[in-house]
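# Close look at the chain arrangement
Take a look at the letters that make up each chain.
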Amino acid sequence: MTTRPRTAGSSPETVGTLRVSARRLTSGPGDDGRGGDLHGAVSSPFGTRLLIGDVMGKGPELSRTADAVLRAWLELALRQRSLEVLAVRLHSLVAHSDEPDRFVTATFVSIAPDGSAELVCCGHPPPLLLRDGTAVTAAVPAPAPPLGLLDLAHGWCAAQPVPRTAWDRLLLHTDGVSEARDATGTFYPLAERAAEQSAAPLATFTAGIAADLLHHAQGRLQDDATLLAAESAPDPERA
């Protein structure tokens, strides 16, 4: 799952030590699936790595920036151990791109074979950690500005550890999910709905959240919305 899908959803796929399922909902009629949202999952020498991001702005050039960031992330994820350095390298790409006034919110996650993880959030919502029927937002004491604006934080960002005991399933998302509103202006209660559906199989879980989100927004999303869920894959030696 190393490219952004053109369809609304995808079946679970084993990537490294994880099973991963993604859903993308577009906000405009006739949307060809290309836009500013991006996501990926890849097995690397440093663990299984996840990315979700959102290019800020309007216009057809958003997809060019999204594609460029995704390609660069895929290359760096395979050879750069440090998530902080990886994020800074991508910041440099965005900051020196030909597109004026461009910046990209992004969350990076790296998950070791034992399930321990670390994450870097650059202006992007942290993932939800699901465990035992609950869903809580991962703590990010030092969130960084978006890629392209890291100079506002002296050009650096900090990785946060996520203990293996904190999650059974991760849910990464763009703000098109958490900021979707109903007719009264109420935001979509993502954590509550994710907790309610957390016992469902992975593909059913992401499909259920996507359908519930559309119902909440009465079919009219204000922004593209992407979900990326992951959980530990079964050990084939124990199957």
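Here goes a summary of the coordinates provided. (Residues numbered from 1 in each chain as written. Predicted model: local features only at pLDDT ≥ 70, side-chain atom pairs only at ≥ 80, totals over all residues. Heavy atoms only, no water.)

### Some remarks on the packing of aromatic side chains
Aromatic ring pairs are reported here in terms of the distance separating the ring centres and the angle at which the planes meet. On inspection of all chains with the given rule, the structure shows 0 aromatic pairs. Over the aromatic face of Trp-167 sits the side chain of Arg-164, whose NZ or CZ is 4.6 Å from the ring centroid. Seen from the ring of Phe-205, Arg-169 lies directly overhead, with NZ or CZ sitting 4.8 Å from the centre. (Phe/Tyr/Trp six-rings, centres within 6.5 Å; stacked < 30°, edge-to-face > 60°. Lys NZ or Arg CZ within 6 Å of the ring centre and 35° of its normal.)

### Thoughts on the nonpolar core
One finds Leu-38, Trp-73, Leu-86, Leu-90, Phe-108, Val-120 and Leu-147 to be the most contacted residues of the largest nonpolar core, which totals 27 residues. Those elements that provide at least two residues to this core are strand E3 (37-44), strand E4 (47-55), helix H1 (61-77), helix H2 (83-95), strand E5 (104-111) and strand E6 (117-122). Element by element, the count of residues in this core is highest for H1, at 8 residues. Not counting the four nearest positions on each side in its chain, Trp-73 is found in contact with Gly-40, Ala-41, Val-42, Arg-49, Leu-50, Leu-51, Leu-86, Leu-90 and Phe-108. (Core = buried A, V, L, I, M, F, W, Y, C linked by side-chain atoms within 4.5 Å. Buried < 20%, exposed > 50% of the residue type's maximum accessible area, 1.4 Å probe, protein only. Helix = DSSP H or I, 4+ residues; strand = E, 2+ residues; numbered from the N terminus. Contact = heavy atoms within 4.5 Å.)

### Thoughts on the pattern of salt bridges
Under the definition given, this model contains 6 salt bridges. For Asp-224, the salt bridge goes to Arg-24, with nearest N and O atoms at 2.7 Å. Remark: Arg-24 occurs in strand E2 (residues 18-25) and Asp-224 occurs in the loop between helix H5 (202-216) and strand E11 (225-232); sequence separation between them is 200 residues. Take Asp-224: its relative accessible area is 7%, and that puts it in the buried class. On the basis of relative accessible area, Arg-24 is assigned to the buried category, the value being 3%. The partner of Asp-168 in a salt bridge is Arg-131, and the shortest N-O contact between them spans 2.9 Å. Taken together, the residues span a long stretch of sequence, with Asp-168 in the loop between strand E9 (160-162) and strand E10 (169-173) and Arg-131 in strand E7 (residues 128-131) at a distance of 37 residues. Given a relative accessible area of 29%, Arg-131 falls into the partly exposed group. Each of Arg-24, Asp-37 and Asp-224 takes part in one network of salt bridges that share partners. (Salt bridge = Lys/Arg side-chain N within 4 Å of Asp/Glu carboxyl O.)

### Some points on the side chain of Thr-174
Along the chain, Thr-174 turns up in the loop between E10 and helix H3 (175-178). A relative accessible area of 0% places Thr-174 in the buried class. Only 3.0 Å separates the side chain of Thr-174 from the backbone nitrogen of Thr-226, close enough to count as a polar contact. Ignoring sequence-local partners within four residues, the contact set of Thr-174 consists of Asp-37, Ile-52, Gly-53, His-124, Asp-224, Ala-225 and Thr-226. (Polar contact = N/O pair within 3.5 Å; in protein donor to acceptor, adjacent residues only side chain to side chain.)

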